[in-house]
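This is what each chain is made of:
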Amino acid sequence: LIVLYPEKDQKTLLKAMHSGARDIVARDDLEHMQLVVKRELEHLLQARWLSKAEQKLKESEDRCTALMQSSRDAIAYVHDGMHVRANPAYLEMFGYFDMDDVEGTPLLDMVTSAFHGKLKKLLRSVDSKSLAEPVTLEVKCQKSDGSDFDAALNFSPGSIDGEPCTQVM
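Residues numbered from 1 in each chain as written. Predicted model: local features only at pLDDT ≥ 70, side-chain atom pairs only at ≥ 80, totals over all residues. Heavy atoms only, no water.

(A) Focus on a negative patch on the surface. A contiguous patch of negative charge on the surface is contributed by D98, D100, D101 and E103. Mapped onto the elements, D98 comes out in the loop between α3 (88-93) and α4 (116-127). (Patch = residues over 30% accessible without salt bridge, like charges linked within 9 Å, V, L, I, M, F, W, Y side chains within 5 Å. Areas by Shrake-Rupley, 256 points an atom, 1.4 Å probe, with all protein chains shown as cover. Salt bridge = Lys/Arg side-chain N within 4 Å of Asp/Glu carboxyl O. Lys, Arg positive; Asp, Glu negative; His and termini not counted. Charge placed at Lys NZ, Arg CZ, Asp CG, Glu CD. Helix = DSSP H or I, 4+ residues; strand = E, 2+ residues; numbered from the N terminus.)

(B) Structural context of the pattern of salt bridges. Under the criterion given, the structure shown has 5 salt bridges. A salt bridge links R39 to E40; the nearest nitrogen and oxygen atoms lie 3.1 Å apart. What makes E40 buried here is its relative accessible area of 18%. Across the pair D62 and K58 runs a salt bridge whose closest N-O atoms are separated by 2.9 Å. Taken together, the positions of D62 and K58, both in helix α2 (residues 30-70) and 4 residues apart, correspond to about one turn of that helix. A cluster of three or more residues bridged by salt bridges with shared partners is formed by R22, D23, R39 and E40. (Buried < 20%, exposed > 50% of the residue type's maximum accessible area, 1.4 Å probe, protein only.)

(C) Geometry of a nonpolar patch on the surface. Taken together, the side chains of L41, L44 and L45 present a nonpolar region at the surface, about 260 Å² in accessible area. Its location among the elements puts L45 in helix α2.

(D) Region of interest: the confidence of the model for the protein chain. Taken residue by residue, the protein chain gives an average pLDDT of 87. The fraction at 70 or more is 92%. Predicted confidence in the protein chain is weakest over strand β1 (residues 2-5), with a mean pLDDT of 64, and strongest over α3, with 96. (pLDDT = per-residue confidence, 0-100.)

(E) Looking closely at unusual backbone geometry. In this structure, D80 takes a positive phi of about 55° despite not being glycine. Along the chain, D80 falls in the loop between β3 (76-79) and β4 (82-86).

Set out below in structure tokens:
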């Protein structure tokens, strides 16, 4: 909202600004008007670009989700150490049938206690964004039935719905 005014009235100008005016331009100040119109046009173009970029990001995330769900590789996403998403291969590897069985479960609960220290340290480095490239940690994991198996877990920074998390493969 741009307000044009014929004369300076401080009270009216402040009221317009408090009501949401982005600028106030005197009717006879063409140079100021040109600058305001240029700024608002740039803002409009940036808003359109941002909207298109957000749509493309959403489409990319949808494609990634579809690829993850059909992948034979076991893939999960962890936020603050808790599972937020896992594909069927990951669930099968740990002996689970449904994402509801794993969602909110700490990753630490799926690794034997002997490896908790190393895993905590690694998760902190991913959360603090000090992890520049994927890191592999060899651990002993624990299935839902309590049996153990050796695994090489690959950790890398990721995001789900725009929120930072850790991808575990």
